[in-house]
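Analysis of the macromolecular model
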Amino acid sequence: MLPEAGRGGGSGGVMCGGCVETEYPSRGNTCLENGSFLLNYVGCVECNKRDFVLIANRATEEEDGEEIITYDHVCKNCHHMIARHEYTFSVVDDYQEYTMLCLLCGRAEDSISILPDDPRQAAPLF
């Protein structure tokens with residue numbers, strides 16, 4: 001299950017839908033714990049430049065066995081806050097669970113078996 005938008009507090013900045021082509025694009029099972037989805041970045045609405053996106057205010061916390069990584073995507077030139085990124089990792093039963101929620105990078109979730117053979121991928125015996 002994906003985390004709620006806005007969860008995680010942070011610097012109090014407002015995310016900017018004008019800087020991205022698509023808000024919260026669906027990324028399937030691609031969950032980024034670091035980096036930026038630059039194909040979705042159209043440029044900074046504050047300084048009108050399309051340059052690198054910096055990562056600021058990166059924080060890692062663990063809560064009830066869940067690792068939560070948060071950071072801000074900011075404009076390299078004027079430090080305008082483009083988006084707040086949240087990535088989570090946890091182990092549930094025999095699966096590693098990943099989620100990502102970010103205005104720029106999108107929303108995604110993935111589940112990977114920690115067993116050598118994923119029981120969900122097994123062929124029926126009859």
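Residues numbered from 1 in each chain as written. Predicted model: local features only at pLDDT ≥ 70, side-chain atom pairs only at ≥ 80, totals over all residues. Heavy atoms only, no water.

A word on the overall build of the chain. From N to C terminus, the chain includes 0 helices and 5 strands. When the helices and strands of the chain are listed from N to C terminus, the series reads β-β-β-β-β. Per-residue burial for the chain yields a buried fraction of 34% across its 126 residues. Looking at the chain alone, contacts between residues at least 24 apart form 48% of all its contacts between residues at least 6 apart. In the structure as shown, the chain presents an accessible area of about 7,600 Å², 50% of it carried by carbon and sulfur atoms. (Helix = DSSP H or I, 4+ residues; strand = E, 2+ residues; numbered from the N terminus. Buried < 20%, exposed > 50% of the residue type's maximum accessible area, 1.4 Å probe, protein only. Contact = heavy atoms within 4.5 Å. Areas by Shrake-Rupley, 256 points an atom, 1.4 Å probe, with all protein chains shown as cover.)

Overall, the coordinates contain 2 aromatic pairs when judged by the stated rule. Ring geometry for Tyr87 against Tyr98: centres 6.3 Å apart, planes inclined by 45°, an arrangement best described as tilted. Note that Tyr87 is positioned in strand β3 (residues 81–92) and Tyr98 in strand β4 (residues 95–102), a separation of 11 residues in sequence. Given a relative accessible area of 5%, Tyr87 falls into the buried group. Given a relative accessible area of 17%, Tyr98 falls into the buried group. Between Phe89 and Tyr98, the ring centres sit 5.1 Å apart and the planes meet at 50°, which makes this aromatic pair tilted. An aromatic cluster of at least three residues, connected via ring pairs, comprises Tyr87, Phe89 and Tyr98. (Phe/Tyr/Trp six-rings, centres within 6.5 Å; stacked < 30°, edge-to-face > 60°.)

When glycine is set aside, most residues are seen to have a negative phi, and most peptide bonds are trans. Positive phi is not limited to glycine here, since Tyr24 has a value of about 50°. Mapping Tyr24 onto the fold places it in the segment before β1 (53–63). We classify Tyr24 as partly exposed; its relative accessible area is 21%. Unlike most non-glycine residues, Asp93 shows phi in positive territory, near 55°. If you trace the backbone, Asp93 turns up in the loop between β3 and β4. On the basis of relative accessible area, Asp93 is assigned to the exposed category, the value being 68%.

Residues of the chain with pLDDT of at least 70 account for 84%, and the chain-wide mean is 85. Taken element by element, the chain is modelled with least confidence in strand β5 (residues 106–113), mean pLDDT 94, and with most confidence in strand β2 (residues 66–75), mean pLDDT 96. (pLDDT = per-residue confidence, 0-100.)

Quick look at the pattern of salt bridges now. Enumeration over the complete set of coordinates arrives at 2 salt bridges. One salt bridge in this structure joins Arg84 and Asp72, with 2.7 Å as the shortest N-O distance. Note that Arg84 is positioned in strand β3 and Asp72 in strand β2, a separation of 12 residues in sequence. There is no split in this pair, since Arg84 and Asp72 are both buried. (Salt bridge = Lys/Arg side-chain N within 4 Å of Asp/Glu carboxyl O.)

Okay, the nonpolar core next. Of all hydrophobic cores here, the largest spans 20 residues; its most connected members are Cys31, Tyr41, Ile82, Ala83 and Leu104. Contributing elements (two or more residues each) for this core: β2, β3 and β4. Apart from the residues within four sequence positions on either side, Ala83 is in contact with Met15, Tyr71, Asp72, His73, Cys102, Leu103 and Leu104. (Core = buried A, V, L, I, M, F, W, Y, C linked by side-chain atoms within 4.5 Å.)

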